[in-house]
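# Breakdown of the fold
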Amino acid sequence: MNKKLKGSFTVEAALVMPIVLFVTISLIYLSFYLHDKNRIEGTVDKALFKAMMTLKHDADIETGAVNYEGINDRGIFYLLIGNANAMEEDIQTFLEQKLSGGLLSTEVTKVSVTAGKLKVSIVVEGEFKIPIRGILDYFNPSSKLVIEVNCPIHNPAEILRISEVILNTGKKIKGMEALQEKLDKILN
């Protein structure tokens, strides 16, 4: 048996091992990136759902407990003239609290919440940090992770309530019946 090894194996291993190590480390950091991105997206989606429920019903964003007594105190036109700006801070605080831990390689740099009467928008920006130079260019040259979500607030009960008020008020206006008859003639 010939137990001699050729020197070419050493040279080949010296060329192949850095590539194997680079690919292995790249895959590890790719999994970190995907973990952080999915965690941020999941947290943003959860916060968006809670924000919609909080704006639609007077609810606590942490627990989701609806303040049923406060719903009628808001007034009939709350959907049109209500103030959603106070809820923005609660939603932003909720998001910052949930994103403060559990991320492997991403640092959240900015959380922005815009809550309107009919729409909620959330933007989360983060910076992906890798201690090894060159791997970051392999994933994403900008190293910025931006998650932006917009969602309309669907509240059919409130829309029906406002419509009923408008229709009932319209019936009490003088001359409305004559206008209604003319509209019926035009449409028929």
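Check the entry above for the structure.
What this report covers is the structure whose coordinates are included nearby.

Here is what the cut-offs are and how they apply
- Residues numbered from 1 in each chain as written.
- Predicted model: local features only at pLDDT ≥ 70, side-chain atom pairs only at ≥ 80, totals over all residues.
- Heavy atoms only, no water.
- Helix = DSSP H or I, 4+ residues; strand = E, 2+ residues; numbered from the N terminus.
- Buried < 20%, exposed > 50% of the residue type's maximum accessible area, 1.4 Å probe, protein only.
- Contact = heavy atoms within 4.5 Å.
- Areas by Shrake-Rupley, 256 points an atom, 1.4 Å probe, with all protein chains shown as cover.
- Phe/Tyr/Trp six-rings, centres within 6.5 Å; stacked < 30°, edge-to-face > 60°.
- Pairing = 2+ DSSP bridges.
- Axes fitted to C-alpha atoms, helices over the stretch in contact; angles between N-to-C directions.
- Core = buried A, V, L, I, M, F, W, Y, C linked by side-chain atoms within 4.5 Å.

## Describing the overall build of the chain
- On a plain count of helices and strands, the chain comes out with 7 helices and 3 strands.
- Along the chain, helices and strands appear, N-terminal first, in the series α-α-α-α-β-β-α-β-α-α.
- The buried share among the 188 residues of the chain stands at 30%.
- Look at the contacts in the chain between residues 6 or more apart in sequence, and 64% of them connect residues 24 or more apart.
- Summed over all atoms, the accessible surface of the chain reaches about 13000 Å², with 60% contributed by carbon and sulfur.

## Quick word on the packing of aromatic side chains
- Counting across every chain of the model gives 2 aromatic pairs.
- Measuring from centroid to centroid gives 5.4 Å for Y29 and F32, while their planes differ by 85 degrees, and the two rings are edge-to-face. On the criterion of helical spacing, the pair formed by Y29 and F32 is a turn pair, its members being 3 residues apart in helix 1 (residues 8-56).
- Given a relative accessible area of 27%, F32 falls into the partly exposed group.
- Aromatic side chains Y33 and F128 sit 5.0 Å apart centroid to centroid with 80 degrees between the ring planes, which places their arrangement in the edge-to-face category. Linking Y33 in helix 1 with F128 in strand 2 (residues 119-128), this pair joins segments that are 95 residues apart in sequence.

## Quick word on the sheet that holds strand 1 (residues 106-115)
- Spatial strand order, 1-2-3: 3 strands in an open sheet with antiparallel pairing. Strands with a single pairing partner mark the edges of an open sheet, and in this sheet they are strand 1 and strand 3 (144-152). On average, adjacent strands in this sheet sit at an angle of 10 degrees to one another, irrespective of strand direction.
- Here strand 1 pairs with strand 2 via 9 bridges, running antiparallel. From the neighbouring strand, T114 faces strand 2, where its bridge partner is S121.

## Structural notes on the nonpolar core
- Counting residues in each nonpolar core, the largest one holds 29 residues, and the members touching the most others are I40, V44, I91, L95, V120 and I122.
- Apart from residues no more than four positions distant in its own chain, V120 is found in contact with L48, A51, L55, T114, V149, N150, C151 and I153.

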